[in-house]
Amino acid sequence: ERSTGGSMTTLMVTLVVLGAIGFVSWRAIQGLDGEQKRAITDRAVGVFDWAEAKGYLRRAPAFESDYHAEYPELRLLESDYATVRKECQELLGMKERITDVEALGGGYTDGGIHAIGWKSFMFKSGEFIESNCRMAPETTKILERIPNLYTAFFSILEPHQYVTPHFGYYKGFLRYHLGVIIPGNNIDRSAWLRVNADRADNDRADNDRDDHSLIERGEKYYWHDGEGVMFDDTYLHDAANDSDEVRVVLWLDVARKMSFWLHAFNKLFLFIVHRDASIKVIRNNARIE
């Protein structure tokens, strides 16, 4: 009993300390400019890079399909795929009102890889967007049951579009894609995602190089209706819809499984980030009026 009481006291003290650090850090970060905030993000990513190099954080493969043991709630989406697809099809009837990815985050998503025929129906960016969620209530109910979910949206890629090679921004997530509307169920392999998680022949990691041509070493995944996949988006990756029809996946960012202290650091950092003004801009721009 004493041991249990001591453990609970330690946990409570830890939570209080983390909460205090989080509040003070959040207040301090609000006064920083974009470059300074990005530098802090880079340092946070460096923590996970270090943990991965030391073996404290499992290194993700290019694609992961055997993820249900660690993320069992994702089965809820896959088992009720028909409902998710039905609500998505209804939303596509008002596609012109759905936000372009390029316009989603102001300067952050202006131009570059986002300047293509690509739309986002956003359910959650740190917080659920209630007005959007009311338009797809059954999908929302499932998403609400998924723990440690930070981002959720229907990623709508128009025909004959290519998302050029790029690196993601944060290693504390794993990204999940559920194929929702995949042209012809990809029989012709016209819609794909490619990830380079490999190392070069001289043992220097490809992903340490600022060389986007190395995407050619990557492994391709072909989306299918009702099928899910997870990957680490900080690896170099690209994607395409070479078909004549719209391709839709449900895109989630879920906090990675890791040790208690890394998890606490991750949660603290994400608590701060998702209260930043830039994330509020994304939520505001994503609202369907």
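Everything below is about the structure shown above.
Remember, it's a predicted structure, so these values are computed and weren't measured experimentally.

A.B. asks: Before we move on, can you summarise a negative patch on the surface with the specific residues and values?
C.D. replies: Taken together, the side chains of D188, D242, D244 and E245 present a region of like negative charge at the surface. Looking at the secondary structure, you find D242 in the loop between β10 (236-241) and β11 (247-255).

A.B. asks: Residues and numbers for the sheet that holds strand β8 (residues 219-222), please.
C.D. replies: Strand order in this open sheet of four strands is β5-β10-β7-β8, and the pairing throughout is antiparallel. Two strands close off the open sheet at either side, each with one partner strand: β5 (161-166) and β8. Strand-to-strand, the axes of this sheet are offset by a mean angle of 15 degrees, without reference to chain direction.

A.B. asks: Describe unusual backbone geometry, naming the residues involved and giving the relevant values.
C.D. replies: Positive phi outside glycine occurs at N148, with the angle close to 55 degrees. Along the chain, the position of N148 falls in the loop between α6 (137-143) and β4 (149-157). For N148, a relative accessible area of 23% puts it in the partly exposed group. Not every positive phi belongs to a glycine, and N186 is a case in point at roughly 65 degrees. Of note, N186 is situated in the loop between β6 (173-181) and β7 (191-196). Here N186 falls in the buried class, since its relative accessible area comes to 2%.

A.B. asks: Now, about the packing of aromatic side chains: what can you tell me, with residues and values included?
C.D. replies: Under the counting rule described, the total for this entry stands at 17 aromatic pairs. Relative to F173, the ring of Y150 lies with its centre 5.7 Å away and its plane at 50 degrees, an arrangement referred to as tilted. With Y150 in strand β4 and F173 in strand β6, this pair connects stretches of sequence that are 23 residues apart. Each member of the pair, Y150 as well as F173, is classed as buried. Lying over the aromatic face of W192, K220 brings its terminal NZ or CZ to 4.0 Å of the ring centre. Sitting over the ring of Y71, K257 keeps its end group 5.4 Å from the ring centre.

A.B. asks: So what about the pattern of salt bridges? Which residues, and what values?
C.D. replies: Inspection of every chain in the model, using the stated rule, returns 17 salt bridges. Ionic pairing is found between R58 and E64, a salt bridge with its closest N-O pair at 3.1 Å. Classification of R58 by relative accessible area gives partly exposed; the value is 43%.

A.B. asks: For helix α4 (residues 81-92), give the residues involved together with the corresponding values.
C.D. replies: The end-to-end C-alpha distance of α4 is 16 Å, a good match for the 16 Å that twelve residues give at a rise of 1.5 Å each. For α4, the full list of buried residues reads Y81, V84, E87, C88 and L91. End-on view of α4: buried residues confined to an arc of 135 degrees, all on one side of the axis. Against α3 (74-79), β2 (118-125), α6, β4, β6 and β11 lie the buried residues of α4.

A.B. asks: Can you break down the pairing of β7 residue by residue, with the values?
C.D. replies: Across the six residues of β7, six count as buried, placing the element largely inside the fold. As paired strands, β7 and β10 are joined by six bridges and run antiparallel to one another. Within β10, the position partnered with W192 by the bridge is A240. By the bridge criterion, four bridges tie β7 to β8 in an arrangement that is antiparallel. The residue bridging W192 from the neighbouring strand is Y222, located in β8.

A.B. asks: Got a sec to walk through the nonpolar core? Specific residues and values, please.
C.D. replies: Across soluble globular proteins, you tend to see nonpolar side chains buried next to one another. Counting 59 residues, the largest nonpolar core has L77, F154 and L252 as its most contacted members. If you look at the next biggest cluster of nonpolar residues, it comprises twelve residues, including A51, L57, Y150 and M258.

A.B. asks: For the environment of E78, give the residues involved together with the corresponding values.
C.D. replies: With respect to the helices and strands, the residue E78 is situated in helix α3. Placed 102 residues apart in sequence, E78 and V180 show a C-alpha to C-alpha distance of 9.7 Å. Look past the residues within four positions of E78 in its chain and what remains in contact with it is Y67, H68, Y176, L178, G226 and G228.

A.B. asks: Talk me through the environment of V281; I want residue IDs and the actual numbers.
C.D. replies: Its location among the elements puts V281 in helix α8 (residues 277-286). Note: C-alpha distance between V281 and L104 (177 residues apart in sequence) is 7.9 Å.

Scoring rules and cut-offs
- Residues numbered from 1 in each chain as written.
- Predicted model: local features only at pLDDT ≥ 70, side-chain atom pairs only at ≥ 80, totals over all residues.
- Heavy atoms only, no water.
- Patch = residues over 30% accessible without salt bridge, like charges linked within 9 Å, V, L, I, M, F, W, Y side chains within 5 Å.
- Areas by Shrake-Rupley, 256 points an atom, 1.4 Å probe, with all protein chains shown as cover.
- Salt bridge = Lys/Arg side-chain N within 4 Å of Asp/Glu carboxyl O.
- Lys, Arg positive; Asp, Glu negative; His and termini not counted.
- Charge placed at Lys NZ, Arg CZ, Asp CG, Glu CD.
- Helix = DSSP H or I, 4+ residues; strand = E, 2+ residues; numbered from the N terminus.
- Pairing = 2+ DSSP bridges.
- Axes fitted to C-alpha atoms, helices over the stretch in contact; angles between N-to-C directions.
- Buried < 20%, exposed > 50% of the residue type's maximum accessible area, 1.4 Å probe, protein only.
- Phe/Tyr/Trp six-rings, centres within 6.5 Å; stacked < 30°, edge-to-face > 60°.
- Lys NZ or Arg CZ within 6 Å of the ring centre and 35° of its normal.
- Expected span 1.5 Å × (residues − 1).
- Arc of directions from axis to C-beta.
- Contact = heavy atoms within 4.5 Å.
- Core = buried A, V, L, I, M, F, W, Y, C linked by side-chain atoms within 4.5 Å.

None of the figures reported here should be taken as evidence of function without further support.
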